[in-house]
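# Geometric and topological summary
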Amino acid sequence: MDRYPDILEDILHSDENSDDEWDMLLAETKREEESRSKRRNKHCGSVPGHRIIRRGRVEGHERLYHNYFALNCVYDAFFRRRFRMGRPLFLRIVSGVEQYDPYFVQTTDAIGNLGLSSLQKVTVAFRILTYGTPADSVDEYVRIGENTAIESLRRFVQAVIAVFGDEYLRPPNNNDIARLLAIGEQRGFPGMYTGHCHEPTIILEVVASQDLWIWHAFFGLPGSLNDINVLEQSPVFATLTESRAPPINYRINGHDYTMGYYIADGIYPNWSTFVKTIPCPQGLKRKHYATAQESIRKDVERAFGVLQARFAIVHGPTRFWDEETLAYIMKACIIMHNMIIEDEGATNDNDFDGSGENPIVQVSHVHTPEFVDFIQTHHQIRSNASHSQLQSDLIEHLWQRYGQ
């Protein structure tokens, strides 16, 4: 009504307050209100009926900072227990995701109020991952709403994969394979570089080594499938079949082999790339072999156990999340698991910075004459005869080395 004070004054002081003048005033008022309403919708103003909670975001950041990140913080001794990693590694992750995704950068709104800090958004994502808690469980502490917590988690796991995935969830390079083969030789299994396993209900297939490092992860198939169905769809042998895997040569009991193998349980097929136990071993040699194989197979079970202990969301029910988000969550947890393994020195100061890796494969558009080699490698992987021969040689090798 500020635009037409003269009209109102004339009507109030006029001796002839006709109905037409009042109608004119009401019509002008209606047009002004409609104009204001359009301007509010155009500039995305407050939603009518929306309740605004003054959470005190700045106070939440200051409390979090003084509790865990200040020079003499309150809970310095509890940081690793509650964040599952050391403070330097955590800050490295925060810095990486903040540089990758501007969503984590603290900004101000139109009237100069500070928004949520990167520490608040990453902390709430960590609490959901490590404790498996609901999205609103840390609202009163971190001062972050449920919807923002969910969005922070989704963006956080995608950023972790994008920033650290190439380094911490990659196939073994030449140096890695040499180290894994040396460890296998020390444990009585020449040619072995990893253990192989999976978990339901949405299946996670992984390859893990003695130091708990997870080298391969294949996630997303329904839990109704068994190991054989998963293996048929898994890319675990893709590099070997396509002749892109580093060469492996070793000798057991007088026989030469050119492919490494995985320690696996009994349900897997009798392929040359799997070494399984003997269900009912007869004789001292076979019993000794079965005991050694089952002992080494625990490596991958330990890796699963540590992964679930660090990130409770992997262990418990996750019906709230959609399958795509679950895949991101699982992959990000495995990446951070490997980062913790490296940070805490469980990898014996091995090189994980990409040096010594396999040469980059250049895409070729010329005719490929190696199809016959591809088929031969495919059949060699699935050879029952090679599987039986390898198992017999390992039985003799273990007995000669440790049993007698």
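Owing to the predicted nature of the structure, the values given are computational and were not obtained by experimental measurement.

### Focus on the overall build of the chain
For the chain, the count of helices and strands is 17 helices and seven strands. Out of the 404 residues belonging to the chain, those deemed buried represent 42%. The contacts in the chain between residues at least 6 apart in sequence include a share of 67% that link residues at least 24 apart.

### A short note on helix 8 (residues 146-168)
Its axis deflected by about 40 degrees at Ala162, helix 8 carries its strongest bend there. If you check which residues of helix 8 are buried, you get Ala149, Ile150, Ser152, Leu153, Phe156, Val157, Ala159, Val160, Ile161, Phe164, Gly165 and Tyr168. Where helix 8 is buried, its residues contact helix 5 (87-100), helix 6 (118-131) and helix 15 (323-343).

### Considerations on the pattern of salt bridges
Throughout the structure, instances matching the rule amount to 13 salt bridges. Here Asp76 makes a salt bridge to Arg87, at a shortest N to O gap of 2.6 Å. Of this pair, Asp76 sits in the loop between helix 3 (57-68) and helix 4 (79-83) while Arg87 sits in helix 5, placing them eleven residues apart in sequence. Residue Asp76 is classed as partly exposed on the basis of its relative accessible area of 45%.

### Digging into the packing of aromatic side chains
Summed over the entire model, instances satisfying the criterion amount to 22 aromatic pairs. Here the aromatic rings of Trp213 and Trp215 are separated by 5.6 Å at their centres, their planes lie at 40 degrees, and the arrangement is tilted. Accessibility expressed as a relative area gives 4% for Trp215, which makes it buried. Pairing Tyr262 with Phe274 gives two aromatic rings, centres 6.3 Å apart and planes at 45 degrees, and the pair type is tilted.

### What about the packing of helix 6 against helix 8?
Where helix 6 meets helix 8, the closest approach of the two axes is 8 Å, and the angle between their N-to-C directions is 85 degrees. As summarised for this structure, helix 6 and helix 8 are arranged roughly perpendicular, according to the angle between their axes. Only Ala149, Ser152, Leu153, Phe156 and Val157 of helix 8 make contact with helix 6, whose side of the interface consists of Lys121, Val122, Val124, Ala125, Phe126, Ile128 and Leu129. In the contact of helix 6 with helix 8, the residues fall into ten nonpolar, one polar and one charged.

### Some words on unusual backbone geometry
At Arg143, a position not held by glycine, the phi torsion is positive, near 65 degrees. Within the element layout of this structure, Arg143 appears in the loop between helix 7 (139-142) and helix 8. Overall, the relative accessible area of 23% leaves Arg143 in the partly exposed class. Although it is not a glycine, Asn253 adopts a positive phi angle of roughly 55 degrees. Relative to the assigned elements, Asn253 resides in the loop between strand 4 (250-252) and strand 5 (255-257). Given the relative accessible area of 36%, Asn253 is considered partly exposed.

### Concerning the confidence of the model for the chain
Looking at the chain, pLDDT values average 78 and 75% of them are 70 or higher. Confidence, read as mean pLDDT per element, is least for helix 1 (residues 5-13) in the chain (52) and greatest for helix 5 (95). Of the regions scoring below 50 in pLDDT, residues 348-369 engages in 24 contacts with residues more than four places distant in sequence or in other chains.

### Section: the nonpolar core
With 61 residues, the main nonpolar core has Phe90, Ile93, Phe126, Leu129, Phe156 and Val160 as its most contacted residues. If you tally residues by element for this core, the top one is helix 15, at eleven residues. Not counting residues within four places of it along the chain, the set of residues in contact with Val160 comprises Ile93, Val97, Gly165, Ala332, Ile335 and Met336.

### Thoughts on helix 12 (residues 284-296)
Two residues of an α-helix separated by three or four positions point the same way, owing to the 3.6 residues in each turn. Taking 1.5 Å per residue, 13 residues should reach 18 Å; helix 12 reaches 19 Å between its end C-alpha atoms and fits that length. If you check which residues of helix 12 are buried, you get Tyr289, Ala290, Ala292, Gln293 and Ile296. When helix 12 is viewed along its axis, its buried side chains cluster within an angular range of 170 degrees and face the same direction. Turned more than 90 degrees from where helix 12 packs its buried face, Leu284 and Thr291 sit exposed.

### Describing the environment of Gln293
Here Gln293 is to be found in helix 12. Residue classification places Gln293 among the buried positions, given a relative accessible area of 0%. As a C-alpha pair, Gln293 and Ile263 span 30 residues in sequence and 7.2 Å in three-dimensional space. In contact with Gln293, not counting residues within four places along its chain, are Phe189, Ile263, Ala264, Val275, Lys276 and Thr277.

What counts, and where the lines are drawn
Residues numbered from 1 in each chain as written. Predicted model: local features only at pLDDT ≥ 70, side-chain atom pairs only at ≥ 80, totals over all residues. Heavy atoms only, no water. Helix = DSSP H or I, 4+ residues; strand = E, 2+ residues; numbered from the N terminus. Buried < 20%, exposed > 50% of the residue type's maximum accessible area, 1.4 Å probe, protein only. Contact = heavy atoms within 4.5 Å. Bend = angle between axes of the 7 residues up to and from the residue. Salt bridge = Lys/Arg side-chain N within 4 Å of Asp/Glu carboxyl O. Phe/Tyr/Trp six-rings, centres within 6.5 Å; stacked < 30°, edge-to-face > 60°. Axes fitted to C-alpha atoms, helices over the stretch in contact; angles between N-to-C directions. Parallel < 35°, antiparallel > 145°, perpendicular 65-115°, else oblique. Nonpolar A, V, L, I, M, F, W, Y, C, P; charged D, E, K, R; others polar. pLDDT = per-residue confidence, 0-100. Core = buried A, V, L, I, M, F, W, Y, C linked by side-chain atoms within 4.5 Å. Expected span 1.5 Å × (residues − 1). Arc of directions from axis to C-beta.

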